[in-house]
Amino acid sequence: MNAGRLIRTLRHLRPPQVGWRFVHEARLRVDRVRPERRDWVDGQATFALGPSPRPTEADEKLREEALLWRNGRVRHLAIEGDRADFAGAGKPKLWRYEFQYQRELVAVAHLAEVEGDSGMLEEAKDFVSAWALACPQPRGDAWEPYPVARRILNWSLAAWISPGLRTFLAPGIAAQARFLAGRLERHLLGNHLICDAAALVVASAAVDGSGLSAIGESSLRLLTAEVQRQTLPDGGYGERTAQYHAIVLRDVLLALAFRRARGLGLDPHLAECARAMARCLANVARGEAVPYLNDAAPDAAPPVSEVLSLARALRLIEGPWRSWLGAAFGPLPEEKPLPPRGDLQLPQTGWTLIREGAHELLFEHGAIGPDEQPGHGHSDALSFELIWDGRPIVLDTGVTTYDIGEVRAFERSAAAHAAVTVDGQGPDELWASFRVGSRGQVLGEPVRRSAEGTRTVAGSVSSKRFRHRRRLDFRPGAALVVVDEVTPIGGVIRSHLPLAPGCTIEAGILAGTLRLQVLRGTLGPAQESWVGQGFGVRIPRKTYGFEADDKGRVVYAICAPGWSIELEGRSYVLRGPGTREELGPA
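Residues numbered from 1 in each chain as written. Predicted model: local features only at pLDDT ≥ 70, side-chain atom pairs only at ≥ 80, totals over all residues. Heavy atoms only, no water.

**Quick notes on the sheet that holds strand β28 (residues 579-585)**
Our working definition: In this scheme, strands are said to pair when DSSP sees at least two bridges between them. The helix count covers DSSP runs of H or I at least four residues long, the strand count covers runs of E at least two residues long, and both are numbered beginning at the N terminus. In this analysis, axes come from line fits to C-alpha atoms, helices being fitted only over the stretch in contact, and the angle between any two N-to-C directions falls in the range 0 to 180 degrees.
Ordered by their spatial adjacency, three strands build an open sheet running β26-β27-β28, and the pairing between neighbours is antiparallel. Single-partner strands in this sheet number two, and they are β26 (564-568) and β28. Direction aside, the axes of adjacent strands within the sheet are offset by 30° on average. With six bridges joining them, strand β27 (residues 571-576) and β28 adopt antiparallel strand pairing. If you follow V573 over to β28, its bridge partner there is E582.

Below you can see the structure in the form of structure tokens.
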């Protein structure tokens, strides 16, 4: 154990977290010696909500999931498994967690209602009964707090969608809610504690049972306080990952939706945070996807329309989004077209998006995450993504695993992003799977726009070893200029350029049509790397690196045909058809 690194990690925690960690570990030890319970359900609990809108059209994603389940299989993290293998032998920890969420029950309930298939519901009941026998309370992955919370949410939603499951699932929802109420993840905070609180709010609204009303009210206070604390003033989510932004927002919206279905109304403070988060998600989304920055993967983030349609059903936002989830709590209000999207600045999140037509530059200049919970952040300060005329050119790596090892270490590292390293290290001290010791201090600057339409974004990051300053000059459709400077000079300074799959640099031509100019520093050979397309799914791509000159500088430009960057005196100059524009000092 590296004592110094541990101290640098612990000093950022909130004092109550340390105490709650001891409480959590003590509970785990007690649970290991408690007698197993297979008769833990609350036979007196009943489902409390009235009729729900019956789905009339099957969602294709849910249909696929339900049919796979009916064939005896489940798929998580791109790995198929036997739905009756409750232990998940040989599977990664996260796969076993996902299995215990039992999200397939939502898909089964949805498809059974659409097709009037009562046999599928009976099969779901048999599955839950078999699971309860195979996974007795309180030990194993099934009874860790986060899987319990996710399972409560999924069982409650399945029961809301399908009245045929209500009497069967309500006793289990009530009992699991009481179990979870004594095991809230106050030692972790972040999205885990929000999920715990949201699950208890949902359970208390959906089910009548002993003590649930009091649990629901205290959990609503906790949920509101945590969401207010973790939502940034710009509407972003504190862990700085769009995946968890969407997940947290969905959990909060479900809590609001179930309370409204119970006739309890919307808590105004919680609703206002949800509205801000929904607007932020709508602004950063790329169609049904989100930027997969930090810990984010396509198969782990709920579809944008699924989340925003629920916000729309709750009258928190207006827009065109439709999905089965919004309709489950509908009817949906009138559709409204989205206004044209332009540049977006999220100063607290630390994301700036420059957008014009089909061109987009995303610049990251925020903290690695909240001080007390940065585990889903990567060492990507001042990195960027570039989409040119609708085609991805420079892409973040994303995430494909949470397992400790070389893959996880690389995906969190600065070398996996369009960022700068010194002797292979970024500004943050990353270790284990979610730990961060010392953190780089990042400062971003407001966007500047020239009369010709060039936007300039800039920022700096300082660590104990070096300071990196970056400036990006972006004229959509014409050129992107990257200016890096690292001080003090020493070691191997490298500016990384991770290209999208299929993109290469050949004889100064990038992606077949764009021109790459290197004004300072030296372009090195391509390295093989990957882009994450989901947990366990890695698409090969090439990453290039520019080694700094003897003054710690790297300057390169990506230009459209007919455009170029020149060094004139002490300035960089952009030239194009009938255009000459001074961009900034050299």
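**Here we look at the side chain of S413**
Formally: Any pair of N or O atoms that falls within 3.5 Å is considered a polar contact. Within protein, one atom must be able to donate a hydrogen and the other to accept it, and sequence-neighbouring residues count only if both atoms are side-chain atoms. In what follows, residue pairs with any heavy atoms lying within 4.5 Å of each other are defined as contacts.
In this structure, S413 sits in the loop between α15 (406-412) and β10 (420-422). Only 2.7 Å separates the side chain of S413 from the backbone oxygen of F410, close enough to count as a polar contact. Those residues in contact with S413 that lie beyond four places of it in its chain are S379 and L430.

**A look at the environment of R63**
Relative to the assigned elements, R63 resides in helix α3 (residues 60-70). Each C-alpha atom, one on R63 and one on A107, is 6.6 Å from the other, the two residues being 44 residues apart in sequence.

**Digging into the sheet that holds strand β5 (residues 344-346)**
Taken in spatial order, the five strands make up an open sheet running β5-β6-β7-β8-β9, and their pairing is antiparallel. Edge positions in the open sheet fall to β5 and β9 (391-394), since each of these has one partner strand only. For this sheet the average axis-to-axis angle between neighbouring strands, irrespective of direction, equals 10°. As paired strands, β5 and strand β6 (residues 351-356) are joined by three bridges and run antiparallel to one another. Bridging from a neighbouring strand, Q345 pairs with T352 of β6.

**A look at the packing of aromatic side chains**
Selection rule: Two rings from Phe, Tyr or Trp (for Trp, the six-membered ring) form a pair when their centres sit within 6.5 Å of each other. Planes less than 30 degrees apart are called stacked, planes more than 60 degrees apart edge-to-face, and all others tilted. Partly exposed describes any residue whose relative accessible area lies between the buried limit of under 20% and the exposed limit of over 50%, with all areas from a 1.4 Å probe on protein chains only and scaled to the type maximum. Charges are assigned to positions over rings by a cutoff of 6 Å between ring centre and Lys NZ or Arg CZ, combined with an angular limit of 35 degrees from the ring normal.
Here the structure, examined in full by the defined rule, presents 18 aromatic pairs. With a centroid separation of 5.8 Å and an interplanar angle of 75°, the aromatic rings of W131 and W155 are classed as edge-to-face. In this pair, W131 sits in helix α6 (residues 118-134) while W155 sits in helix α7 (residues 145-161), placing the two residues 24 residues apart along the sequence. Classification of W131 as buried rests on a relative accessible area of 0%. By relative accessible area, W155 is classed as buried at 2%. Through successive ring pairs, a cluster of aromatic residues spans W40, W131, W143, W155 and F179. Sitting over the ring of W95, K91 keeps its end group 4.9 Å from the ring centre.

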